Amino acid sequence: KNIRFNIRCSKQSVMMHISVQRRRRCGCDRSAIMAFSSLRLHLAVLLILTMNSIVMVESFSNPAFSKKVLVGRPQTPKSLDLAQKMPAFPAMGTLFKRNRRRKSTTMIASSSTTSNISTSNHLSSSSSLHPVQANLTKALMILYIASMCITLPLTLSPLYLLYKLRIISTTRKENLALRTGCFCSRWCLRLLPFCRLRAIPTNVRVGNIVNGHNVPQDPCVWVCNHTSMLDVFVLMAADHKLRGSKRRPLKIVYWKGLESNPVTKLLFRMCGFLPVNMTANAPGENNEYDTSSFKNLLRSSKKAFEEGFDIGILPEGQLNPNPEKGLLPIFKGAFTLAKLSRRPIQMMSLFGTHRLWHPNDMDLFKTKVEGRNISVRAYPLPKGHRFTSGDEFEATFQNVVGHFGMYGKDLEEDELEQWLDGRAWSKRMAEEEHEGDKK
């Protein structure tokens, strides 16, 4: 033991001598070391302030988080009284009461599916926000959008130069741009968590319908509702979890007027998104499309399928200012495109983005934040099922996607399965024919 101790001491002395010699050679005097230590101190303080802001946001929205982190002990009458008397957190007592109610509701609903239970827990804290939490959420959202406006040009500019120098092809450029956009959206959201994003992937079983997650997917047309200007960034951030690692890259059909913003113009053109011309209107008003642009859309969609892309369409055609009242009138262009290209239609649904940035509030700094919980749902595709008519597609989209957009949860499992595999539509048509025969 003494020999080992002496060897260890000799090694330490040799290392100290080497470090002193290195400092002398490099000219690292005491002032440089003090400056480096002060820089580390400033970075540590900045990290602590950032973590404190995140803890404050989470504490106001998640009762379990506030009870675990801020109180740090089990729920007792004394702790409840203390939480109600705390002046620094005026909403803490209501959060503890809401946590007790939420436990009872989950115990009653224990016989339902796991997705419905998690949905009720996710929505229970999104009904209202404390003013402090709303302001912090809004500040983080503004920082997120600002960071996307900075990171997208920086990361997409090298790809643009490689494409202009003919080092990479158009298809390669669009694939890399899509991956870059999804990466930036996902990591900026992790660094600036202004929302709580819940993604339900396609491999969640609905009755007997289930899709593989990390397996190669067949080409299809994706459809989704549209409730906020954050939808594209949210879908790109959740795309990896929604559709798996073997997903096909997705080209979205968009309104060409969005190219007035230089950042969205760069992103959409680099990713090869498909533009459609129409007159500018307010959310909820009727659309007036340029029919000549549909020929280019069909031609570009056919080429995209051949190059290994999927197509994403928003059948509402515009922002929905009142998703809690249902969907806007559905355009059947997605069904026409799927029928001409002989591809199936697969559905997505969004909930909660309008509570962060409402369609009627074009000015981001004046918008009122009412909630920070966002849910994204990707529905599995039954094998061999395709819509037979535009009316069937419209009814299925209204019932499946519209219900999730209103309530943030799926239909009952049996009813959802019947709508996805077409049995609900066949049953409705049989009832209408039976009523017609009676008349």
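About the thresholds
- Residues numbered from 1 in each chain as written.
- Predicted model: local features only at pLDDT ≥ 70, side-chain atom pairs only at ≥ 80, totals over all residues.
- Heavy atoms only, no water.
- Core = buried A, V, L, I, M, F, W, Y, C linked by side-chain atoms within 4.5 Å.
- Buried < 20%, exposed > 50% of the residue type's maximum accessible area, 1.4 Å probe, protein only.
- Helix = DSSP H or I, 4+ residues; strand = E, 2+ residues; numbered from the N terminus.
- Contact = heavy atoms within 4.5 Å.
- 1 Å grid on protein atoms, 1.4 Å probe; cavity = no way out; pocket = protein on both sides within 12 Å on 5 of 7 lines; lining within 4 Å.
- Points joined across faces, edges and corners; volume = space filled by probe spheres on them.
- Nonpolar A, V, L, I, M, F, W, Y, C, P; charged D, E, K, R; others polar.
- Phe/Tyr/Trp six-rings, centres within 6.5 Å; stacked < 30°, edge-to-face > 60°.
- Lys, Arg positive; Asp, Glu negative; His and termini not counted.
- Salt bridge = Lys/Arg side-chain N within 4 Å of Asp/Glu carboxyl O.
- Pairing = 2+ DSSP bridges.
- Right-handed = clockwise from strand over helix to strand, strands pointing away.

J.: Break down the nonpolar core for me, citing the residues and quoting the values.
T.: With 87 residues, the main nonpolar core has Met141, Tyr144, Phe194 and Phe393 as its most contacted residues. Element by element, the count of residues in this core is highest for helix H7 (residues 131–164), at nine residues. Apart from the residues within four sequence positions on either side, Tyr144 is in contact with Ser185, Cys188, Leu189, Leu192, Phe194 and Phe233.

J.: Can you tell me about the layout of surface pockets, naming the residues and giving the values?
T.: In this structure, the largest pocket encloses a volume near 1,300 Å³. The wall of the largest pocket is formed by 47 residues, among which His226, Tyr254, Trp255, Leu258 and Leu314 lie closest to the centre. Elements that contribute at least two residues to the lining of the largest pocket include exactly H7, helix H9 (231–243), strand S3 (250–255), helix H10 (262–271), helix H11 (292–306) and helix H12 (333–341). The class makeup of the residues in the lining of the largest pocket is 34 nonpolar, twelve polar and one charged.

J.: Can you explain the packing of aromatic side chains? Please cite residues and give values.
T.: Under the definition given, this model contains seven aromatic pairs. With a centroid separation of 5.7 Å and an interplanar angle of 70°, the aromatic rings of Phe387 and Phe393 are classed as edge-to-face. The same class applies to Phe387 and to Phe393, which are both buried. With centroids separated by 5.9 Å and ring planes inclined at 35°, the aromatic side chains of Phe393 and Phe397 adopt a geometry described as tilted. Here Phe393 pairs with Phe397, and both are found in helix H13 (residues 390–407), just four residues apart, close to one helical turn. Judged by its relative accessible area of 0%, Phe393 falls in the buried class. Taking relative accessible area as the criterion, Phe397 reaches 0% and is therefore assigned buried.

J.: Talk me through the side chain of Arg198; I want residue IDs and the actual numbers.
T.: Following the sequence through the fold, Arg198 ends up in strand S1 (residues 196–200). No salt bridge is formed by the buried Arg198, whose closest oppositely charged neighbour, Asp410, lies at an N-O distance of 7.5 Å.

J.: So what about empty space enclosed by the protein? Which residues, and what values?
T.: Inspection of the entire model under this criterion finds four cavities of 30 Å³ or more. Computed from the structure, the largest cavity encloses a volume of approximately 90 Å³. With three residues, the single largest contributor to the lining of the largest cavity is strand S6 (residues 345–351). In the lining of the largest cavity, the residues fall into nine nonpolar, three polar and one charged. Its volume calculated, the second largest cavity comes out at about 80 Å³. Lining the second largest cavity we find Trp222, Val223, Cys224, Leu235, Leu250, Ile252, Gly312, Ile313, Leu314 and Met348.

J.: Go over the pairing of S3, please, and point to the residues and values.
T.: Counting buried residues in S3 gives five out of six residues, a clear majority hidden from the surface. Where S3 meets strand S4 (residues 274–276), three bridges bridge the pair, whose relative direction is parallel. Bridging across to S4, Tyr254 finds its partner in Pro275. The β-α-β motif built from S3, the intervening H10 and the parallel element S4 has right-handed crossover chirality.

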